[in-house]
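# Chains, contacts and geometry: an overview
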Amino acid sequence: MAKHNRTNEPIPPNELQRKISGWKCCPDCRDKGIIGTALEQTLAFCNCPAGIEKTYVKGADWPAQEIARVHADAKSLLVAACHALRFSSTGDTLADSNVSKSGGMLQIQLPDWCSGIDESEIQKATELLQWECQIAVAGGWSKHQRSSAAERNPAGPSRPPIGEADVA
Ligand SMILES: [Zn+2]
């Protein structure tokens, strides 16, 4: 069993394990090797051993490429903002949608498989990006179903009202 340096007392294995991991863990990146975010253009490799290892794995250009990818267009910014807010399902849906932003209008065309999207999460993502825009969501499975149902069953009675002749 390991002994404490100073007191020479045995150190319980669990505590020893904790001391080793505590010594190894980087306070800046928590041993992920990456600090900052692409969204805020602060993405970088950490200066610790974990960061140096990540530099070899991903390549020294990776932070710059990732920042460029996220800032390439409105869609990737919006997807990144959703993931930053941990709205993963909304982010994934947007990644499969057509997203365009012009003037004060953000238009989102949902994919056919999509049964709906949480517009309040999109709203929060645009606030994070400091976009002041109207959000227009179109497409998706449920809207398609709703409009077909409306065509099949237009407003008004589906059969003629019961006349006096029928009652008699
Ligand atoms: Zn680090």
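Residues numbered from 1 in each chain as written. Predicted model: local features only at pLDDT ≥ 70, side-chain atom pairs only at ≥ 80, totals over all residues. Heavy atoms only, no water.

### Regarding the packing of aromatic side chains
- All chains considered together, the criterion is met by 1 aromatic pair.
- Geometrically, the ring pair formed by F45 and W62 is tilted, given 5.9 Å between the ring centres and 35° between the ring planes. Taken together, the positions of F45 in strand β2 (residues 44-45) and W62 in helix α3 (residues 62-70) put the pair 17 residues apart, joining distant regions of the chain. Of the two residues, F45 and W62, both sit in the buried class.
- The ring of W62 has K58 sitting right over it, with the charged end atom 4.5 Å from the ring centre.
- Sitting over the face of the ring of W131, K101 holds its NZ or CZ atom 4.7 Å from the ring centroid. (Phe/Tyr/Trp six-rings, centres within 6.5 Å; stacked < 30°, edge-to-face > 60°. Helix = DSSP H or I, 4+ residues; strand = E, 2+ residues; numbered from the N terminus. Buried < 20%, exposed > 50% of the residue type's maximum accessible area, 1.4 Å probe, protein only. Lys NZ or Arg CZ within 6 Å of the ring centre and 35° of its normal.)

### Details of unusual backbone geometry
- At Q41, a residue that is not glycine, the phi angle is positive and equals roughly 60°.
- In this fold, Q41 is placed in the loop between β1 (34-35) and β2.
- Of note, R86 is a non-glycine position whose phi angle comes to about 65°, a positive value.

### What to know about the nonpolar core
- Core analysis: the largest hydrophobic core is formed by 28 residues, its most contacted members being L78, L94, L106, I108, I122 and W131.
- Every element with two or more residues in this core is listed here: α3, α4 (74-84), β4 (105-110) and α6 (119-128).
- Tallying contributions element by element places α4 first for this core, with 7 residues.
- For I108, the contacting residues outside a window of four places in its chain are L78, L94, S97, N98, V99, I122, I135, A136, V137 and A138. (Core = buried A, V, L, I, M, F, W, Y, C linked by side-chain atoms within 4.5 Å. Contact = heavy atoms within 4.5 Å.)

Just distances and angles here, no functional claims.
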